[in-house]
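Chain and residue survey
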Amino acid sequence: MFSTKKIIITGLLFYISLNLFCETFFSGIAGGIIKVKAEQNAENNIKPAVLLDAYLSGQANFSQNVWSRISFSLQTDNLMENAPFGKTTSLFQVDEVSFTIRQKIDSFNNYFSLYMGNYEPIGSDLFLTRQFGIAPISSRITETWQNVSGNLLFNQSGFGLCDIMRFKGPVALGIYAYMNNTSENTHSVNTDFRLGGTQRFLTFDINLGLGAPVAKGKYDDVLFAVEKINWHTGATFLIGNYYTSSLFVQGGILKGLFTTGQGINKIDKDDIYFLIEPRFTGKTVKTHLSFFFLPPETVSSLFFVNGQLGANLNIFTDKLRSRNTGFDMGLNTGLTFNNLTLNNLETWMTSVKSMDFQLYVTPYISAKIAEGEINSMVSLNVMGLISSKIQDSVTVNIGYKSSF
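Residues numbered from 1 in each chain as written. Predicted model: local features only at pLDDT ≥ 70, side-chain atom pairs only at ≥ 80, totals over all residues. Heavy atoms only, no water.

Regarding the packing of aromatic side chains
For any two aromatic rings, the description comes down to two numbers: the centre-to-centre distance and the angle of the planes. The tally for this structure, following the rule as stated, stands at eight aromatic pairs. Between the aromatic rings of Tyr115 and Tyr119, the centroid separation amounts to 4.9 Å while the plane-to-plane angle is 20 degrees, which identifies the pairing as stacked. Geometry around Phe316 places Arg140 over its ring, the cationic atom sitting 3.9 Å from the centre. For the cation-ring pair, Lys286 lies above Tyr242, with the distance from its terminal atom to the ring centre recorded as 3.7 Å. (Phe/Tyr/Trp six-rings, centres within 6.5 Å; stacked < 30°, edge-to-face > 60°. Lys NZ or Arg CZ within 6 Å of the ring centre and 35° of its normal.)

Description of the environment of Pro170
Looking at the secondary structure, you find Pro170 in the loop between strand 6 (158-166) and strand 7 (171-183). Residue Pro170 is classed as partly exposed on the basis of its relative accessible area of 29%. Separated by 33 residues in the primary sequence, Pro170 and Thr203 place their C-alpha atoms 9.8 Å from one another. (Helix = DSSP H or I, 4+ residues; strand = E, 2+ residues; numbered from the N terminus. Buried < 20%, exposed > 50% of the residue type's maximum accessible area, 1.4 Å probe, protein only.)

Describing the pattern of salt bridges
Enumeration according to the criterion identifies six salt bridges in this entry. Where Lys35 meets Asp53, a salt bridge forms, and the shortest distance between an N and an O atom there is 3.2 Å. Here Asp53 lies in strand 2 (residues 46-63) and Lys35 lies in strand 1 (residues 25-40), a separation of 18 residues in the sequence. For Asp53, a relative accessible area of 4% puts it in the buried group. Measuring nitrogen to oxygen at the nearest pair gives 2.7 Å for the salt bridge that ties Arg279 to Glu277. Looking at Arg279, the relative accessible area reads 9%, which means it is buried. Within the structure, one salt-bridge network assembled from shared partners comprises Glu96, Glu120 and Arg130. (Salt bridge = Lys/Arg side-chain N within 4 Å of Asp/Glu carboxyl O.)

Considering a nonpolar patch on the surface
Where nonpolar side chains cluster on the molecular surface, the patch consists of Leu202, Ile239, Leu247, Ile276 and Phe291 and spans about 380 Å² of accessible area. The residue Leu202 is located in strand 9 (residues 202-215) in this model. (Patch = residues over 30% accessible without salt bridge, like charges linked within 9 Å, V, L, I, M, F, W, Y side chains within 5 Å. Areas by Shrake-Rupley, 256 points an atom, 1.4 Å probe, with all protein chains shown as cover.)

Some words on the pairing of strand 4 (residues 90-105)
The side chains of a regular strand alternate, residue by residue, between the two faces of the sheet. In the sheet, strand 3 (residues 66-76) pairs with strand 4 via eleven bridges, with the strands oriented antiparallel. When the sheet's bridge partners are listed, Ser73 is paired in strand 4 with Gln93. With ten bridges joining them, strand 4 and strand 5 (residues 108-117) adopt antiparallel strand pairing. If you follow Val97 over to strand 5, its bridge partner there is Met116. Two successive antiparallel strands, strand 4 and strand 5, enclose a turn made up of two residues, where Asp106 displays a positive phi of approximately 50 degrees. (Pairing = 2+ DSSP bridges.)

This is the structure we're talking about:
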């Protein structure tokens, strides 16, 4: 999240950069989705709730080798709270502001970028799609409309720079250096190393990062102090490709710790995440079976996932569309446990017997209309219907996105 002052400064810098060049080509994507559900207020009354998620991402090409990107998103509270014309609390966030220069050096291209926000974060496939021009490979169950990058497995937001070397073969190496705030009096200086590539039957994106929290004002005679080193890692693999049956694997460690006194500390199981998804491709129908344990911050922004630990079955077809028309449709079934994590996984049978889980059934459809695409889904919580809790039972999502 960024303060109003930072947002204004960002906008001014972006506006000035646009005017530095006489011929600018601008392109981007915008989308928004309305969520309709029931809410229970403090008086235990059921009332309708309408919420909006929207995002805009644009790229300004000043020349063939110089461009800038800006992305931001908006999330609102219940629009019906002060309907129809009252003010509604909302959250505005700058997701990315970046400036990139490309330089061709012998047999590879070098991309140097200055950025603010989440720049091609781990968990999304932005790095792979931008560098290699491939179709998105992320799991459908981790789709979100809160930003253009999709799911974010851990926070890499900050102010920084990166240098990406794209070699003649389909391989790219990236080095990132950025700074962010971890608390009111602590800043973290971070360095990430990234390796990505694609072949006919293998696509991969691997990241390893180190962070040094710098404490300010904690000690009397010390300007700043580094007491520990955090480390994180993440990896995405697609074995196979879009046209064949394949295996999608994503996983990593949110936070490891290294201290001078204890060395590499034991990793908390709840700081481990994974998504394992076999994908089966038939003539007209595709079936994706997923097993996952995801960070709570990631889960909060997703449509098809409603808990950290669970399994998912997604059956759909995308053979009903052509280049300019058509639609996709599918049925998603998700099972998540309410109070299970990797630290107490041995109690899963107790959770099953006590029915301490959620079962969601979500039919969905998307259709191309004009230059955009409309998406709609109805999510039914079977456990909520059984317990007659209407506020937890039905959610309707209707969204639209378009490129320009």
